[in-house]
Amino acid sequence: MAQHIATIRQELPSGTRLVAVSKFHPAEALMEAYESGQRIFGESRVQELMTKYEALPKDIEWHFIGHLQTNKVKYIVPFIALIHSVDSEKLLAVIDSEAAKCGRVVDCLLEIHVASEESKYGLTPDSCREWLSGNPLDRYPHVRVCGLMGMASLTDDESRIDREFGELKSLFDELKASGHVDARAFVELSMGMSHDYRLALRHGTTLVRIGTSIFGERNY
Ligand SMILES: *Cc1c(COP(=O)(O)O)cnc(C)c1O
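Residues numbered from 1 in each chain as written. Predicted model: local features only at pLDDT ≥ 70, side-chain atom pairs only at ≥ 80, totals over all residues. Heavy atoms only, no water.

As enumerated under the stated definition, the model contains 15 salt bridges in all. The shortest N-O distance in the salt bridge between arginine 39 and aspartate 59 comes to 3.3 Å. With arginine 39 in the loop between helix 2 (27-35) and strand 2 (40-43) and aspartate 59 in the loop between helix 3 (46-55) and strand 3 (61-64), the pair connects residues that are 20 residues apart, well separated along the chain. For glutamate 98, the salt bridge identified is with lysine 101, shortest N-O distance 3.0 Å. Of the two residues, glutamate 98 and lysine 101 both sit in helix 5 (residues 89-101), three residues apart, roughly one turn of that helix. A single network of salt bridges, built from pairs that share partners, joins Glu43, Arg45, Glu48 and Lys52. (Salt bridge = Lys/Arg side-chain N within 4 Å of Asp/Glu carboxyl O. Helix = DSSP H or I, 4+ residues; strand = E, 2+ residues; numbered from the N terminus.)

This next bit is on helix 5. With 13 residues, helix 5 should reach 18 Å at 1.5 Å per residue; the first-to-last C-alpha distance of 19 Å fits that figure. When helix 5 is considered as a whole, its buried residues turn out to be Leu91, Leu92, Ile95, Asp96, Glu98 and Ala99. Those residues of helix 5 hidden inside the fold are in contact with helix 4 (73-76), strand 4 (82-86), strand 5 (106-113), helix 6 (125-132) and strand 6 (143-151). Glycine 103, located one to two residues past helix 5, shows a positive phi value of around 65°. (Expected span 1.5 Å × (residues − 1). Buried < 20%, exposed > 50% of the residue type's maximum accessible area, 1.4 Å probe, protein only. Contact = heavy atoms within 4.5 Å.)

Taken together, the neighbourhood of the ligand is formed by Val21, Lys23, Ile65, Met151, Met193, Ser194, Arg209, Ile210, Gly211, Thr212 and Arg218. Threonine 212 has a polar side-chain atom sitting 2.5 Å from an oxygen atom of the ligand. The contact in question runs from an oxygen atom of the ligand to an N or O atom on the side chain of arginine 218, over 2.7 Å. When the ligand sits alone it has 390 Å² of accessible area, and the protein chains cover 90% of it. Split into classes, the residues belonging to the shell around the ligand amount to five nonpolar, three polar and three charged. (Near = heavy atom within 4 Å. Polar contact = N/O pair within 3.5 Å; in protein donor to acceptor, adjacent residues only side chain to side chain. Areas by Shrake-Rupley, 256 points an atom, 1.4 Å probe, with all protein chains shown as cover. Nonpolar A, V, L, I, M, F, W, Y, C, P; charged D, E, K, R; others polar.)

In the structure shown here, the tally under the stated rule is four aromatic pairs. Between phenylalanine 24 and tyrosine 220, the ring centres sit 4.5 Å apart and the planes meet at 70°, which makes this aromatic pair edge-to-face. Taken together, the positions of phenylalanine 24 in the loop between strand 1 (17-21) and helix 2 and tyrosine 220 in the segment after helix 9 (212-215) put the pair 196 residues apart, joining distant regions of the chain. In this structure phenylalanine 24 comes out as partly exposed when scored by relative accessible area, which is 26%. Owing to a relative accessible area of 70%, tyrosine 220 belongs among the exposed residues under this scheme. Seen in terms of ring centroids, tyrosine 53 and phenylalanine 79 are 3.7 Å apart; in terms of plane orientation they differ by 10°. Their pairing is stacked. (Phe/Tyr/Trp six-rings, centres within 6.5 Å; stacked < 30°, edge-to-face > 60°.)

If you want it as structure tokens, here you go:
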């Protein structure tokens, strides 16, 4: 595992960080990655994240990458470093109010749906543009919107994946220049997983979320 992490790290430019996606893997596997220097871990289920948070070293930077239900926000807000998957104003509002209660400003990314598969999650580029044009973020001082997250289609067609990452990158540039987000805070582009992170690197991803290539297949 240490070798997998080292190999991936060598491919990443200095501005790109590795999120080790550890969902469904036991705490011992995370500890092994930790011992090889990995500090950022991504989880997609609140209960699993809480159990690992309790058990593992406190200098781990936890990222939440899955669908987040509003009634579970309160459990992770006290310690979460970055929530990648904000896809509604309702969720953003709940994160804001829970963050206010514990005196934090929580870093979040907006999840954008660019893949061709149907998905219940993620804002479309158009709905995101339209929503932000009303400057809604001003109402949520306990949330800092730091950029965008997205997933490409699950396909072998590299040109399609390339196009989708390109779409996400252009939306990122457009929003950063729009005046509707805080351009100084808007610096992260979370895209690229085990099978497609090399394509994401071409489009300037700053956070690659890699599970299988580090930990092996997941047992669901
Ligand atoms: C599981 C997951 C990943 C990691 O996928 P791998 O193919 O195992 O690298 C990345 N991003 C999200 C949102 C995920 O749910």
